[in-house]
Each structure stands twice: as structure tokens, then as C-alpha cells.
Amino acid sequence: MKFWKMNGAGNDFIILNNLEEKLPETAFPLLARTLCTPHLSLGADGFMVVDKAQGQADFRMLFYNSDGSVGEMCGNGARCICRYGYETGLSGPQQVIETTAGIVTGTRMDRRQYRIRLNDPTTLRLDLALEAEGRTWPCAYVELGTPGLPHAVVPYPGLAEAGREELFRLGRALRYHPAFPKGANVNFYDLTGPDQVLERTYERGVEDFTLACGTGTGSVVTVLTLQGLVSGQGVQVSMGGGVLTVDVDRAGEAISDLWLTGPTNIVAKGEIFDEELPPLL
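The structure reproduced in this document is the subject of the present report.

Calculation rules
Residues numbered from 1 in each chain as written. Predicted model: local features only at pLDDT ≥ 70, side-chain atom pairs only at ≥ 80, totals over all residues. Heavy atoms only, no water. Buried < 20%, exposed > 50% of the residue type's maximum accessible area, 1.4 Å probe, protein only. Helix = DSSP H or I, 4+ residues; strand = E, 2+ residues; numbered from the N terminus. Contact = heavy atoms within 4.5 Å. 1 Å grid on protein atoms, 1.4 Å probe; cavity = no way out; pocket = protein on both sides within 12 Å on 5 of 7 lines; lining within 4 Å. Points joined across faces, edges and corners; volume = space filled by probe spheres on them. Expected span 1.5 Å × (residues − 1). Salt bridge = Lys/Arg side-chain N within 4 Å of Asp/Glu carboxyl O.

## Brief notes about helix H2 (residues 28-35)
Part 1 of the reasoning: For H2, the full list of buried residues reads Phe28, Leu31, Ala32, Thr34 and Leu35.
Part 2 of the reasoning: Where H2 is buried, its residues contact strand S2 (11-17), helix H1 (18-21), strand S3 (46-51) and strand S4 (59-65).

## A look at empty space enclosed by the protein
Part 1 of the reasoning: Throughout the structure, instances matching the rule amount to two cavities of 30 Å³ or more.
Part 2 of the reasoning: Elements with a minimum of two residues in the lining of the largest cavity: S4 and strand S11 (149-155).
Part 3 of the reasoning: A volume near 30 Å³ is recorded for the second largest cavity.
Part 4 of the reasoning: Lining the second largest cavity are Asn11, Phe13, Asp45, Phe63, Asn65, Cys74, Glu203 and Val206.
Part 5 of the reasoning: Secondary structure elements with two or more residues in the lining of the second largest cavity: S2 and S4.

## Describing helix H3 (residues 75-88)
Residues lying three or four places apart along an α-helix face the same way, a consequence of the helix completing one turn every 3.6 residues.
Part 1 of the reasoning: The end-to-end C-alpha separation of H3 is 20 Å, in line with the 20 Å expected for 14 residues at 1.5 Å each.
Part 2 of the reasoning: Buried residues dominate H3, accounting for eleven of its 14 residues.
Part 3 of the reasoning: All of the buried residues along H3 are Gly75, Asn76, Gly77, Ala78, Arg79, Cys80, Ile81, Cys82, Arg83, Tyr84 and Gly85.
Part 4 of the reasoning: Following H3 by one or two positions, glycine 89 has its phi on the positive side, about 80°.

## Topic: the pattern of salt bridges
Part 1 of the reasoning: Evaluation of the coordinates by the stated rule reveals 13 salt bridges.
Part 2 of the reasoning: A salt bridge links glutamate 25 to arginine 60; its shortest N-O distance comes to 3.8 Å. Taken together, the residues glutamate 25 in the loop between H1 and H2 and arginine 60 in strand S4 connect sequence positions 35 residues apart.
Part 3 of the reasoning: Owing to a relative accessible area of 41%, glutamate 25 belongs among the partly exposed residues under this scheme.

## Notes on unusual backbone geometry
Part 1 of the reasoning: Backbone torsion omega between threonine 146 and proline 147 reads 0°, so that peptide bond is classified as cis.
Part 2 of the reasoning: If you trace the backbone, proline 147 turns up in the loop between strand S10 (135-144) and S11.

Below, the structure written as C-alpha cells:
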């Protein structure tokens, strides 16, 4: 099988073109689990499949977390797959991508920078208070798209100095909190200046922190914009893998458009020979 490996601000993915490979969809969870395992295989945060669109789009994007579970959408993955579409001739400089959570549109800004319109917030709660690790944490909850991609947004003053183990335990506890029936990605943030945010995300399906999370970044800026803590325009969010920019178009108490801009990186192209994989056809 041929593959590309890409990352968006350190969020890394393996991409398979099923228009060429023609594998059954039932094979993808196993492929994700096997190929995303570090050291034993290629290693990645997620596995993405390019396939034929079911509606009016350039192509369909299927996303799987590294544990083989289905992800509704992935912001950094979508930016990478937009570049994949442009580079392989599946789309032009404007991309229309069909995802499980709905249509995502993309724009090529330059050779490496891509901008996407994230799925609309479909569920939004700003006033949660959750018990975890012996204290109460203020929290907001956002779902993007339909079915909704779930995100918890948690303020964490002094995030830059937070101990990794302490943050990991809290992230895991909130990720499985009973307030979130389908679990949640947990986004910790700290305001570091005007329209400047530091963010760390514990991702559902990866079950650890990743270097960046595009939909998490969009969710954090959505909440902060509605709370009046950022302007919503050109908000710079720093994560372990780099900086992402989020723009929010607000209509009263609703968000009409949510935009994510950031870098993409083509790391490798090649063939998969992983001998641990059983025959897939």
C-alpha cells in the first residue's frame, strides 16, 4: 500500500488513498491501530483515508484515531488532507471535503499554509462545573458538526509550568467524566496576552496529549470569544507543535463561521510493508 505521512503543527497522520487501494472499510480500524503504533510501525496520532465522495465534494475523508476508533473530524488532519488533495490533483486551490461530521472547505494560502472552515458548533455550554481530582473545575463544552465532535474547554492558570503527570491525570479524569456521555477531548488553556492563548489537549482516542489539536483550538477560541476574553479575529493559539490561528465570525450569541489556519508538512511518501498486518482482502 502506498502512503503519505504528514503533520499539521506537530499533529501527525498517515494518509491512504483508497481511490487507488480499494480496501474494504472494515479494514481501516485495524490499519489505524497497527500503523499508528510508534516503534512497531510508522507511528502517528491518526489515520486518514481518502475515498470517493458520497455527495457533492472533491473527495471523502475518513478519520481514525490511533486506537482504531472513528473520529468525527480532525482540524489539523483536514488541513493536511486539503494539501494532499491539491498536491495529487484531486482538488484545486479551494477544497471541498466530505467528513463524518459534515462538509469542510479548505483554501491553499501558500505552499504549506492551509485554511479550513471548521464544522459549526452544534452544542455549546459555557457554565459547567465538574468534580475531578479532588476539586471543582469550571468548564465549557462544545460539539462541532453533526454528529458532534466533543470538546471540553478548561481554564488552567499557569499552564506553562504545569507538571505533566498532574495534567495527564486530570485530562484523563475529565475525558471520561460522566457529564460527557461519549467522552470528550479535554482542552486546557491559559490566556497569555491580548488574543494570545496557550493550549494543551488530551485527545480522546489517542488517550494522551498531542502536539496540536485543530478542532480543540477552534473550540477554545469559540468559548473565549463568546465570553468576551478574546476578539475572535486572528487569535494566536500556541501548542506544543507550533502556532495555529483561529478566526470566529459571531452573530450575537451564535457562531456563524469558524476558521482555522496553520502549517502543513509532508514528512514522507512511500510504501507500507508491515508484516504484522494480516491479508486485508
